[in-house]
Amino acid sequence: MKLIIAIIQNEYIKNILYKLMDENIRTTKLASTGGFLKSGNTTLLIGVEEDRLDDVVQIIEENCESKKVKAGDGAVEVGGANLFILDMDRYVRI
Ligand code: 2BA
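Just so you know, these numbers come straight off a predicted model, no measurement behind them.

### A look at the site of the ligand
In step 1: Taken together, the residues surrounding the ligand are Ile7, Gly34, Gly35, Phe36, Leu37, Asn41, Val76, Glu77, Val78, Gly79, Asn82 and Phe84.
In step 2: One of the backbone nitrogen or oxygen atoms of Leu37 is found 2.8 Å away from an oxygen atom of the ligand.
In step 3: Going through the elements one at a time, strand 5 (74-78) and strand 6 (81-87) are the ones with two or more residues in the shell around the ligand.
In step 4: Classifying every residue of the shell around the ligand by side-chain character gives six nonpolar, five polar and one charged.

### As for the pairing of strand 1 (residues 2-9)
In step 1: In this sheet, strand 3 (residues 40-48) lies alongside strand 1 in antiparallel orientation, the contact comprising eight bridges. Residue pairing across strands places Ile8 opposite Thr42, the latter belonging to strand 3.
In step 2: As paired strands, strand 1 and strand 6 are joined by seven bridges and run antiparallel to one another. The residue bridging Ile4 from the neighbouring strand is Ile85, located in strand 6.

### Quick word on the nonpolar core
In step 1: With 17 residues, the main nonpolar core has Ile8, Ile16, Leu20, Leu44, Ile46, Val56 and Ile60 as its most contacted residues.
In step 2: Of all the secondary structure elements, the ones that give two or more residues to this core are strand 1, helix 1 (10-22), strand 3 and helix 2 (53-62).
In step 3: With five residues, helix 1 is the largest single contributor of residues to this core.
In step 4: Setting aside residues up to four positions removed in sequence, Leu44 forms contacts with Ile4, Ile5, Ala6, Ile8, Ile13, Ile16, Leu17, Leu20, Thr28 and Lys29.

Criteria and thresholds
Residues numbered from 1 in each chain as written. Predicted model: local features only at pLDDT ≥ 70, side-chain atom pairs only at ≥ 80, totals over all residues. Heavy atoms only, no water. Near = heavy atom within 4 Å. Polar contact = N/O pair within 3.5 Å; in protein donor to acceptor, adjacent residues only side chain to side chain. Helix = DSSP H or I, 4+ residues; strand = E, 2+ residues; numbered from the N terminus. Nonpolar A, V, L, I, M, F, W, Y, C, P; charged D, E, K, R; others polar. Pairing = 2+ DSSP bridges. Core = buried A, V, L, I, M, F, W, Y, C linked by side-chain atoms within 4.5 Å. Buried < 20%, exposed > 50% of the residue type's maximum accessible area, 1.4 Å probe, protein only. Contact = heavy atoms within 4.5 Å.

Quick look at the structure:
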């Protein structure tokens with residue numbers, strides 16, 4: 001199994017969650033805050049079998065995009081989603 005930690009900009013989260021639910025992909029939604037901009041984003045924990053990994057990445061890719069945001073005197077390009085994909089040793093549901 002894989003664990004996807006997906007940090008997603010709030011404006012995209014509703015749509016992404018609906019699409020993941022349509023595909024029977026389970027998620028846990030956490031409120032989070034970017035360390036740099038100090039603005040709210042959402043972190044999803046998504047545990048999936050390896051053969052569903054590409055489906056999840058595709059759903060997220062198709063439903064968000066990066067955009068420029070003002071930061072101080074300049075601007076930064078904020079990703080619609082930043083994904084960390086980890087191998088999971090073991091999953092236990094009790
Ligand atoms: P923030 O930390 O608020 O970062 C927002 C955007 O600011 C980043 O977009 C990046 O373009 C810029 N940025 C961040 N740190 C910077 C720095 N030290 N110097 C210059 N510019 C900087 P993204 O890279 O797309 O990140 C969006 C959000 O994803 C981040 O919000 C953070 O919550 C999370 N994130 C991204 N990379 C991460 C990482 N390696 N570890 C943990 N969280 C990460």
